[in-house]
Amino acid sequence: MSGVVRTFLPWYRAGFAAALTERPVAGAARAAVPATVRLRGEPALGSLEVPVSVAGPGDVIGLDAREVLRTEPFDGCPDFEPSYFPYVELASPDLPWRFTPFPPQGQALPDPEHPGTPRQQRRLQPWLALVVVPASRATLRAAAGDGLPVLRCPAAELPTPEQLWAWAHVQVTHDPAEPVEAAAGDPARTLSRLVCPRRLEAGVRYLACLTPTFAAGRVAGVGGDAGADPLAPAWGGTGSVELPVYYSWSFQTGAEGSFEALVRRLRPRPAPASLAGREIGVGAPGWGAAADDPDATTLMQGALRPIGTAEPPAGDGGLAGSLRTAVSRSGSGVELRPPLYGQDYQGGIAALAPDSAGWLTELNTDPRRRTAAGLASWAVAVHQEELADRAWRQLRDAGLGAPGRADPELADLVTGAVAGRHGGGAALTRAELAGVAASARAAAAAAPERLFAPRFDEPAYTLLRAVAEEWLLPAAGDLPDDTVLLVRTNTAFVESFLVGLNHALARELVWRRFPLDQTATFFSRFWAGGSDLTAVPPIASWDADDELGGHGSGADHLVLLVKGALLRRFPTAALYLSRARGDGGEERLMPYLSGAIGTGSTFLGFALTPEQAAIPGQAWHVVVEEAAAHARFGCDDPPPEGPAPLHHWSDLDWSHPHLAGQLHMPVPGPLAGLARTLAPGAASAVWALDSANVAVIVQQPAFRVRLPIALWLEPQLSPTAQD
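Residues numbered from 1 in each chain as written. Predicted model: local features only at pLDDT ≥ 70, side-chain atom pairs only at ≥ 80, totals over all residues. Heavy atoms only, no water.

Draft legend 1. Region of interest: the sheet that holds strand 12 (residues 190–195). Pairing in this open sheet of 5 strands is antiparallel, and the strands run 1-11-12-5-4 from one edge to the other. Both outer strands of the open sheet, strand 1 (5–9) and strand 4 (68–72), are each paired with one neighbouring strand and no more. Within this sheet the neighbouring strands show an average axis-to-axis angle of 25 degrees, counted without direction. Contacts from helix 14 (residues 691–698) reach strand 1 and strand 11 (168–174) within the one sheet, and its direction differs from that of strand 1 by about 135 degrees. (Pairing = 2+ DSSP bridges. Helix = DSSP H or I, 4+ residues; strand = E, 2+ residues; numbered from the N terminus. Axes fitted to C-alpha atoms, helices over the stretch in contact; angles between N-to-C directions. Contact = heavy atoms within 4.5 Å.)

Draft legend 2. Region of the structure containing the pattern of salt bridges. For the structure on display, the rule yields 40 salt bridges. In this structure, the salt-bridge partner of arginine 588 is glutamate 625, at a minimum N-O distance of 4.0 Å. Remark: glutamate 625 occurs in strand 26 (residues 621–625) and arginine 588 occurs in strand 23 (residues 586–589); sequence separation between them is 37 residues. Take glutamate 625: its relative accessible area is 19%, and that puts it in the buried class. Several salt bridges converge on common partners, so that one network encompasses Arg70, Glu72, Glu89, Arg193, Glu626 and Arg632. (Salt bridge = Lys/Arg side-chain N within 4 Å of Asp/Glu carboxyl O. Buried < 20%, exposed > 50% of the residue type's maximum accessible area, 1.4 Å probe, protein only.)

Draft legend 3. Looking closely at the packing of aromatic side chains. One pass over the full model with this rule turns up 21 aromatic pairs. Ring geometry for tyrosine 461 against tryptophan 527: centres 6.0 Å apart, planes inclined by 35 degrees, an arrangement best described as tilted. Of this pair, tyrosine 461 sits in helix 10 (residues 461–468) while tryptophan 527 sits in the loop between helix 11 (491–511) and strand 21 (558–563), placing them 66 residues apart in sequence. Taken together, a centroid distance of 5.7 Å and an interplanar angle of 75 degrees make the contact between tyrosine 461 and phenylalanine 603 edge-to-face. Highlighted residues: tyrosine 461 in helix 10 and phenylalanine 603 in strand 25 (residues 601–606), separated in sequence by 142 residues. Taking the relative accessible area as the measure of exposure, phenylalanine 603 reaches 0% and is therefore buried. Put simply, the rings of Tyr461, Phe497, Phe526, Trp527 and Phe603 touch in pairs and so form one group of aromatic residues. Seen from the ring of phenylalanine 102, arginine 23 lies directly overhead, with NZ or CZ sitting 4.3 Å from the centre. Of note, arginine 193 hangs over the ring of tyrosine 87, and the distance from its end group to the ring centre comes to 5.0 Å. (Phe/Tyr/Trp six-rings, centres within 6.5 Å; stacked < 30°, edge-to-face > 60°. Lys NZ or Arg CZ within 6 Å of the ring centre and 35° of its normal.)

What follows is the structure, given as structure tokens:
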């Protein structure tokens, strides 16, 4: 949102509603708008006055759920912060006032500090409102037939209906130099919002419902009699009330769940010893391969690894030699052997020379690298049908052998195979499958350039997470909640997994007689992210003498891992690295990769090695920042030391005499007409002047915290802990 501002408007009207100038006549729920119809003809036939009746709140029998852009909190949220106000954002900026059958109202608003200079209050009652009630004190009856669900609760649980105008507003996002009026007409930058200003209790489940505000709307939804005035409030202050519900969701409050509270829970922690890796048995892996010690083990790290702890050298020469023999073909006949991972990328090599070196030898003779490649083979086995289907679809979509070109039989059978698998036609018979294979072999023999390489752009780490999540970061489950940890990527593991993944997928597709270019790289990205740093160059282009870990980014980069409720509750939060520039400005380094482990841990990677971050004088900080695009409204709990003077609106809390003891934040009262700045040096706003001013006052500022990266790096990159 850099360079963009958020402006609130008290309402927005369009169409006939914008032309309303008077209230409906007594007892009516619809407004009348005069309209003139000019009659065309020769000579001119004059004009005709035609009364137009505008739909009112009693005409609404439902709401398109697509109007709801977002709810705060989300449906099912388990730990919403009680000091925040729930709200709903609507796509149409005029929707809350579209069926209000009268124009905006105005009256004098006295200034309590300057009684002789009243201001003009501006308000427009919305026809629908957001109400939030404890689930234990309400029932939400399911819709009957074509009707609406019905909320039944004590009227005392609901806000005062005459004050609902203060809790509906429009938000316009625009450039600071652009007039807000110009941007207000752009649907992509404008929305409406309904807020419920209820003081929530901790540990309570709530129902949030969109309901009508006028009696006519209540009667249209649940029946009954609106009385003499259909534009009277939909509920009173006592007794029980039933209201139709246009939209609803539920949530639970937590003891603490605000962004600030959750950030303050976070603790920078060193990596526990269990994160150093897992011991794997390598004494007798099979196929005749064996270590010198049959009980031998070695430490293997995952795709992420702790800073300051590296894998030891492979060490066991006997194991490496026996693995070299196991994967190498000894003759020209058919031999059943373990896979020689990556052989297609070095000319289809069938055996490793006794003195060979480089990435291919490392991958196949180091048990840790073979294990990573084997995990990728397992992922292909689990997802083989999906991957193969997608490959055939890509072949069809590429038009290879399409009708009118060479080999129409291949194109027709490929199309049939895909359609049959996805319900678009009959499944292929065994004979037809044999025909596909024959056509593919013929195409490959006759025109090698027609071999095809499918592409899979999703991050390969998701396949590893699906079959063996513990190998993303072994023992990540040992981390306590509310942990912030710095680790680093393990590019040797990543490249081993990618080679194994491409190798196994190629074998699967060749077995299915796919016309495959086996030297292509089908998966090139392990991590999620749009940067080129998340991709490796084509594997066939790797120098044979390279070691694993030297391709793509070419370095093990810094990764920030956060475990806890923060990013689950606030997924739009920004996390980045920051340091001061010489000119006094700020340099920001944004993450280029991201991902998740389980449901509670998120990681973000930066194009910076731990060693670079630890250089004296760099002064990098980890910054956790609430997203500016995510608006929040609420009021602070009373401070332990008692109420503070109200110098700025940021000093307002529930202990203020205007708010003390109130279930919903009232509009009239001691604060009405009072002007204060939002914070020192900020603009001022007036309580109850209009709903835009109220929104500005109760909007909560974004929270930001900076943590020196040295908190993690100094003990882990000491001379005795260097990688």
